[in-house]
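Report on the structure
Below are the chains, spelled out letter by letter.
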Amino acid sequence: WEGGLAAVLCLFSYGLRGQRWRLWVTNCGHPTSWRYGLRVYLAGYSLTPTPGNLGEAARGLLVRPTPLPTSTSVAVFAAERLQDLLGLMLLAVPAVAWAPFEGAVPLALVLSLLTLVAIGLSAQPWAWQWALRWIPLKVQHLLGLEQAQQCMQTRCALSWTLTLLAWSAQGLAVWLMCHHHGLSIGVLQASSWYALSMRSEEHT
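Now for a quick tour of the structure. Note that the structure is a prediction, hence the values are computed from the model and not measured. (Residues numbered from 1 in each chain as written. Predicted model: local features only at pLDDT ≥ 70, side-chain atom pairs only at ≥ 80, totals over all residues. Heavy atoms only, no water.)

**A word on the overall build of the chain**
Here is the rule: Runs of E in the DSSP output that reach at least two residues are strands. Runs of H or I that reach at least four are helices, and both are numbered from the N terminus. All radius of gyration figures rest on C-alpha atoms, and the globule criterion is 2.2 Å times the number of residues raised to 0.38. Any residue under 20% of the maximum accessible area for its type is buried, any over 50% is exposed, and the rest in between are partly exposed; the area is computed with a 1.4 Å probe on protein chains only. His is not counted, nor are the chain ends; Lys and Arg add positive charge and Asp and Glu add negative charge. Charge positions are represented by NZ for Lys, CZ for Arg, CG for Asp and CD for Glu.
A tally of regular secondary structure across the chain gives 9 helices and 0 strands. Counting helices and strands in the order they occur from the N terminus, the chain gives α-α-α-α-α-α-α-α-α. A globule of 204 residues ought to have a C-alpha radius of gyration of about 17 Å, and the chain, at 18 Å, matches this closely. With the C-alpha coordinates aligned to their principal axes, the bounding extent of the chain is approximately 50 × 40 × 30 Å. Within the chain, buried positions represent 41% of all 204 residues. Averaging the coordinates of the 12 positive side-chain charges in the chain and doing the same for the 8 negative ones gives two points 12 Å apart.

**Considerations on helix α7 (residues 145-152)**
Selection rule: Throughout, the arc means the angular range of directions from the helix axis out to the C-beta atoms.
Within α7 the residues assigned to the buried category are L145, A148, Q149, C151 and M152. When α7 is viewed along its axis, its buried side chains cluster within an angular range of 160 degrees and face the same direction.

**Some details on the environment of A6**
Spelled out, the test is: It only takes one pair of heavy atoms within 4.5 Å for two residues to be counted as in contact.
Position of A6 relative to the elements: it lies in helix α1 (residues 2-27). By relative accessible area, which is 5% here, A6 ends up buried. Separated by 53 residues in sequence, A6 and R59 have C-alpha atoms that sit 26 Å apart. Those residues in contact with A6 that sit more than four places away from it in its chain are A173, L176 and M177.

**A word on the pattern of salt bridges**
Definition in use: Basic side-chain nitrogens of Lys or Arg form a salt bridge, by our definition, when they fall within 4 Å of a carboxyl oxygen of Asp or Glu.
For the coordinates displayed, the defined rule picks out 6 salt bridges. Of the charged contacts in the structure, one is a salt bridge between R20 and E80, with a shortest N-O distance of 3.8 Å. Highlighted residues: R20 in helix α1 and E80 in helix α3 (residues 70-92), separated in sequence by 60 residues. The exposure class assigned to E80 is buried, which follows from its relative accessible area of 1%. Between R81 and D84 there is a salt bridge whose closest N-O contact spans 2.9 Å. With R81 and D84 both in helix α3 and 3 residues apart, the pair spans about one turn of that helix.

**Observations concerning the nonpolar core**
For the record, the criterion: In this description, a nonpolar core means a group of buried Ala, Val, Leu, Ile, Met, Phe, Trp, Tyr and Cys residues linked to one another through side-chain atoms lying within 4.5 Å.
Counting residues in hydrophobic clusters, the biggest one holds 20 residues, and the most contacted among them are W21, W24, V76, A79, C151, M152 and W160. Listing elements by their share of this core, those giving two or more residues are α1, α2 (34-43), α3, α7 and α8 (156-180). If near-sequence neighbours (up to four positions away) are discounted, W160 is found in contact with Q83, L86, G87, I119, S122 and M152. L88, W167, Y194 and M198 belong to the second-largest nonpolar core, a separate cluster that totals 6 residues.

**A few points about the packing of α1 against α3**
This is how it is decided: Where helices are involved, their axes are fitted lines through C-alpha atoms of the stretch in contact, as for all axes, and angles between N-to-C directions lie from 0 to 180°. With respect to orientation, any angle under 35 degrees is reported as roughly parallel, any angle over 145 as roughly antiparallel, any angle of 65 to 115 as roughly perpendicular, and every other angle as oblique. Handedness of a crossing follows from how the near helix is turned relative to the far one, being left-handed for an anticlockwise turn of less than a right angle and right-handed for a clockwise one.
Remark: α1 packs on α3, axes separated minimally by 10 Å, with the N-to-C direction vectors making an angle of 135 degrees. Relative to α3, the element α1 lies oblique. The crossing of α1 and α3 is right-handed. Contacts between α1 and α3 involve R17, R20, W21, W24 and V25 on the former and, on the latter, V76, A79, E80, Q83 and D84.

**A short note on the packing of aromatic side chains**
Stated precisely, the cut-off is as follows: Centres within 6.5 Å make a pair out of two Phe, Tyr or Trp rings, where for Trp the six-membered ring is used; the pair is then stacked when the planes are under 30 degrees apart, edge-to-face when over 60, and tilted otherwise.
This structure, assessed with the given rule, holds 3 aromatic pairs. Plain terms: the ring middles of Y14 and Y45 are 5.0 Å apart, the flat faces sit at 70 degrees to each other, and that makes the pair edge-to-face. Of this pair, Y14 sits in helix α1 while Y45 sits in the loop between α2 and α3, placing them 31 residues apart in sequence. The class of Y45 is partly exposed, set by a relative accessible area of 22%.

Rendered as structure tokens:
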């Protein structure tokens with residue numbers, strides 16, 4: 001039963017992230033129904049084997065009958081990666097309570113504060129303007145960072161709720177699989193170490 005429930009939680013996570021993707025695509029002027037948007041989002045995972053998962057940036061090209069412009073598809077992908085990174089950083093903070101970081105409570109507090117500040121700043125236009133000034137214009141246009149900014153400022157509370165719930169669900173799935181294999185590990189420990197490992201992947 002642990003494996004079955006873990007599978008359901010993973011599907012739930014994909015569903016939440018799919019709705020976040022649809023929310024941002026709609027904000028970019030390409031509204032889709034939640035069912036169709038989810039279908040396109042899930043179909044985009046066929047592009048995951050590309051180096052660095054960059055093929056997923058082309059997910060918007062799968063929309064029919066009118067595909068998203070390439071720049072818009074890339075911008076939504078950039079917003080996804082950035083919000084996932086910040087969300088995973090926050091969920092990974094409790095990992096410092098266990099070895100090899102055991103006892104680093106002050107570090108956990110600092111990391112939590114910095115991550116929360118970063119999440120708050122991600123919704124502020126002036127913070128984006130300050131960050132973008134350090135990035136060459138060609139890179140900004142290539143990654144669609146201006147549109148990515150608009151995505152992350154669209155219904156911030158909802159998008160962040162979807163992000164944190166989605167990754168928490170997968171962390172809970174990891175704990176269930178650990179429990180199934182007889183590993184003595186708590187929910188918080190399993191989910192935070194999962195978030196830490198995924199954060200490293202997102203950063204890479």
